[in-house]
Amino acid sequence: CRSLKEEGIEVVLVNSNPATIMTDIGMAHYTYIEPLTIDFVEKVIAKERPDSIIAGMGGQTGLNLSCELYDAGILDKYNVRVIGTSIASIKEGEDRDSFKQLMERTNQPIVESDIVTDVESAVEFAEKIGYPVIVRPAYTLGGTGGGIAADEPELREICTQGLHLSRVGQVLIEKSIAGWKEIEFEVMRDGAGNCITVCSMENVDPVGVHTGDSIVVAPAQTLSDKEYQMLRSAAINIINSIEIKGGCNVQFALDPNSYNYAVIEINPRVSRSSALASKATGYPIAKVAAKIALGYNLDEIKNAVTGKTFACFEPTLDYVVLKFPRWPFDKFFGAKRTLGTKMMATGEIMSIGKSFEAALLKGIRSLEIGQYGLERKSSKARTLEELKRRVVVPDDERLFALAVAGIMTMSFTACGNNSQSADSDTFKIGGIGPLTGDAANYGNSVKNGCQVAVDEINAAGGANGKKLELLFEDDVNDAEKSVNAYNTLMDQGVRAIVGSVTSSPCIAVAAES
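Okay, so let's go over this structure.

Time to look at the overall build of the protein chain. When helices and strands are counted, the protein chain shows 18 helices and 18 strands. Within the protein chain, the fraction of its 513 residues that count as buried is 49%. Within the protein chain, contacts between residues at least 6 apart in sequence are counted, and of these 64% link residues at least 24 apart. Total accessible area on the protein chain stands at roughly 24,300 Å², and carbon and sulfur atoms take up 50% of it.

Written out as structure tokens, the structure reads:
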């Protein structure tokens with residue numbers, strides 16, 4: 001709204017949510033808090049007589065409503081044109097059949113799939129490609145109505161719901177590639193065809209968990225340069241083919257064991273991922289998209305954050321930004337906690353750090369769930385087999401289950417020249433951590449976890465026939481003390497350091513020295 005008002009445009013806003021900041025007084029010239037249906041919106045159009053409408057600023061609801069207004073002839077009736085991304089482009093991105101044809105025309109790989117409009121066709125195709133299969137309804141928000149079906153009864157249930165919730169009664173049945181990496185690119189394109197990638201993002205959870213329920217990190221952390229350039233080029237080719245005017249989110253699945261990838265879907269709008277990318281990079285995606293809708297090109301829009309560069313410059317990050325979802329299961333005790341392709345989270349937090357580990361721990365503390373590290377009491381009370389099941393079938397505590405399971409099965413490997421006597425019955429390992437001050441909880445967690453693992457390994461007969469002895473240097477709260485502690489451990493014959501040496505800058509200095 002502000003971006004449009006800067007250009008002297010009179011803005012009419014329709015929103016059903018009175019709690020959002022968008023409906024504050026002064027945000028738009030005229031604000032209507034009404035149900036977002038074509039009947040109510042037509043009444044607003046008839047009264048205000050706007051000459052244009054922007055479809056891509058209201059999320060999935062805005063896209064659906066704009067398409068419905070267009071299909072019902074209401075936009076033509078009142079001579080209202082769609083600016084920014086066109087209705088034809090929106091339908092190519094949102095309609096599953098049109099999207100599949102677009103990917104085939106542009107030689108972009110997609111997962112083996114078929115579009116169906118009835119349950120029996122879905123069952124027939126699933127039997128052809130084999131279970132499990134993923135059900136993706138067309139024109140729904142947050143994967144609503146979708147899911148992963150492991151057998152026919154489950155497919156019938158999910159498909160029936162998906163067909164009912166889809167605006168066009170259409171679902172995509174595709175072969176499951178759960179376990180592949182999920183990578184997103186936030187891309188901007190103007191009417192002249194200029195394109196930039198604002199940000200790359202990587203889901204910590206693999207394909208099979210909705211991106212809204214996954215921890216997402218920007219920029220992508222595990223891509224090689226070849227993989228990054230391959231997916232970036234594909235994202236730009238896709239939005240050029242669909243002729244996006246504004247922002248677009250492109251989601252990929254990448255095989256972790258090869259260079260094979262597949263396009264999952266695109267969102268031809270300002271989305272939840274756009275908000276993360278904007279905050280992470282300082283690039284005002286919504287503002288730039290609004291300017292593009294008015295006819296500006298990227299090289300004509302000044303970056304309001306820097307005040308010097310223009311919107312055609314791609315942001316670069318020398319830090320890590322992490323999005324952590326927040327689930328409402330603490331209020332809905334009886335709800336099913338399993339995560340899948342349908343989004344369950346109702347909120348999220350964002351954290352920034354110099355490393356992934358620092359951003360992750362900041363994010364956990366920001367969730368306000370009484371958690372300050374990766375060891376959760378409920379996870380520690382479970383057996384290793386229970387933890388493994390929670391990792392394989394994910395829920396909202398998957399990260400903590402994985403961390404505790406990792407501690408339980410921790411093994412130690414010597415590094416560097418091993419000066420310990422070959423005929424010694426013990427093998428010395430060292431740990432470094434701050435056990436006082438602000439980082440005391442983390443330091444004690446590392447020490448206790450290491451000691452528990454050492455005791456379990458010794459009780460099971462040791463490592464390679466040798467008993468382990470843990471030597472821990474504490475009160476390490478700055479770089480100098482860390483270096484001294486590291487050297488002390490080396491002098492005592494330690495040649496293996498346990499614990500995370502990258503999640504604390506002072507410990508990292510010691511290890512690098």
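From this point, things continue past the structure.
The topology assignment puts Glu202 in strand E10 (residues 195-203). Despite its burial, Glu202 pairs with no opposite charge; the closest candidate is Lys181, at 4.6 Å N-O. Dropping the residues within four chain positions of it, Glu202 is found in contact with Lys181, Glu182, Ile183, Ile215, Val216, Val217, Ala220, Gln221 and Thr222.

So, about the nonpolar core. One broad rule of soluble globular proteins: the nonpolar side chains tend to lie buried together. Of all hydrophobic cores here, the largest spans 24 residues; its most connected members are Leu231, Val250 and Phe252. Of the residues forming this core, the biggest block, seven residues, is contributed by helix H9 (residues 225-242). Look past the residues within four positions of Leu231 in its chain and what remains in contact with it is Ile183, Phe185, Leu223, Phe252, Leu254 and Tyr261. Core analysis: the second largest hydrophobic core is formed by 20 residues, Val198, Ala277, Val288 and Ala311 among them.

If you trace the four strands from one edge of the open sheet to the other, you get E5-E8-E6-E7, paired in antiparallel fashion. Because the sheet does not close on itself, it has two edges, and the strands there are strand E5 (113-116) and strand E7 (147-149). Here the strands of the sheet are splayed against their neighbours by 25 degrees on average, with no regard to which way each runs. Bridge count between strand E6 (residues 133-137) and strand E8 (residues 171-175): five bridges; the pairing is antiparallel. Looking across to E8, one finds that Arg136 is bridged to Leu172. Sheet contacts for helix H6 (residues 96-105): E5, E6 and E8; angle to E5, the most-contacted strand, approximately 150 degrees.

Let us look at the sheet that holds strand E13 (residues 261-267). Read from one edge to the other, the open sheet built from seven strands follows the order E13-E12-E9-E10-E11-E14-E15, with strand pairing classed as antiparallel. Each having just a single partner strand, E13 and strand E15 (347-353) make up the two edges of the open sheet. Neighbour-to-neighbour, the strand axes of the sheet open up by a mean angle of 25 degrees, direction not taken into account. Bridge analysis of strand E11 (residues 216-218) against strand E14 (residues 320-326) gives three bridges, and the strand direction is antiparallel. Note that in E14 the partner of Val217 across the bridge is Leu322. The sheet contacts of helix H11 (residues 285-293) involve strand E9 (181-189), E10 and strand E12 (246-254), and relative to E9 the element is tilted by about 45 degrees.

Bringing the layout of surface pockets into the picture now. Unoccupied space between atoms shows up once a probe the size of one water molecule is rolled over them. The calculated volume of the largest pocket comes to roughly 1,800 Å³. Forming the boundary of the largest pocket are 46 residues, of which Cys1, Leu13, Met22, Met57 and Gly58 lie nearest the centre. Those elements that place two or more of their residues in the lining of the largest pocket are helix H1 (2-6), strand E1 (12-15), helix H2 (38-48), strand E3 (52-54), helix H3 (59-71), strand E4 (81-83) and H11. If you tally residues by element for the lining of the largest pocket, the top one is H3, at five residues. Its residues assigned to classes, the lining of the largest pocket comprises 28 nonpolar, 10 polar and eight charged.

Counted according to the given criterion, the structure contains three cavities of 30 Å³ or more. Ile54, Gly56, Thr85, Lys245 and Gly246 are the residues nearest the centre of the largest cavity, which is lined by 14 residues in total. At the level of elements, E12 and H11 are the ones that each hand at least two residues to the lining of the largest cavity. Residue classes in the lining of the largest cavity are distributed as seven nonpolar, five polar and two charged. Estimated volume of the second largest cavity: approximately 80 Å³. As for the second largest cavity, its lining consists of Arg96, Phe99, Lys100, Ile110, Val111, Ser113, Leu172, Glu174, Val263 and Ile264. Where the lining of the second largest cavity is concerned, the elements lending two or more residues are H6, E8 and E13.

In the contact formed by helix H7 (residues 119-129) and helix H8 (residues 152-165), the axes pass within 9 Å of each other and the chain directions differ by 135 degrees. Of the possible angle classes, the one that applies to H7 and H8 is oblique. As for how H7 packs across H8, the hand of that crossing is right-handed. Across the interface between the two elements, Val119, Glu120, Ala122, Val123, Ala126 and Glu127 of H7 pack against Glu152, Leu155, Arg156, Cys159, Thr160 and Leu163 of H8.

Quick look at H7 now. Where H7 is concerned, the buried positions are Val119, Ala122, Val123, Phe125, Ala126 and Ile129. Each buried residue of H7 sits inside an arc of 170 degrees when the element is viewed along its axis, so together they form one side. Those residues of H7 that are exposed and angled more than 90 degrees off the buried face are Glu124, Glu127 and Lys128. Of the residues one or two after H7, Gly130 is the one with positive phi, at around 90 degrees.

Calculation criteria
- Residues numbered from 1 in each chain as written.
- Predicted model: local features only at pLDDT ≥ 70, side-chain atom pairs only at ≥ 80, totals over all residues.
- Heavy atoms only, no water.
- Helix = DSSP H or I, 4+ residues; strand = E, 2+ residues; numbered from the N terminus.
- Buried < 20%, exposed > 50% of the residue type's maximum accessible area, 1.4 Å probe, protein only.
- Contact = heavy atoms within 4.5 Å.
- Areas by Shrake-Rupley, 256 points an atom, 1.4 Å probe, with all protein chains shown as cover.
- Lys, Arg positive; Asp, Glu negative; His and termini not counted.
- Salt bridge = Lys/Arg side-chain N within 4 Å of Asp/Glu carboxyl O.
- Core = buried A, V, L, I, M, F, W, Y, C linked by side-chain atoms within 4.5 Å.
- Pairing = 2+ DSSP bridges.
- Axes fitted to C-alpha atoms, helices over the stretch in contact; angles between N-to-C directions.
- 1 Å grid on protein atoms, 1.4 Å probe; cavity = no way out; pocket = protein on both sides within 12 Å on 5 of 7 lines; lining within 4 Å.
- Points joined across faces, edges and corners; volume = space filled by probe spheres on them.
- Nonpolar A, V, L, I, M, F, W, Y, C, P; charged D, E, K, R; others polar.
- Parallel < 35°, antiparallel > 145°, perpendicular 65-115°, else oblique.
- Left-handed = near helix turned anticlockwise from the far one by under 90°.
- Arc of directions from axis to C-beta.

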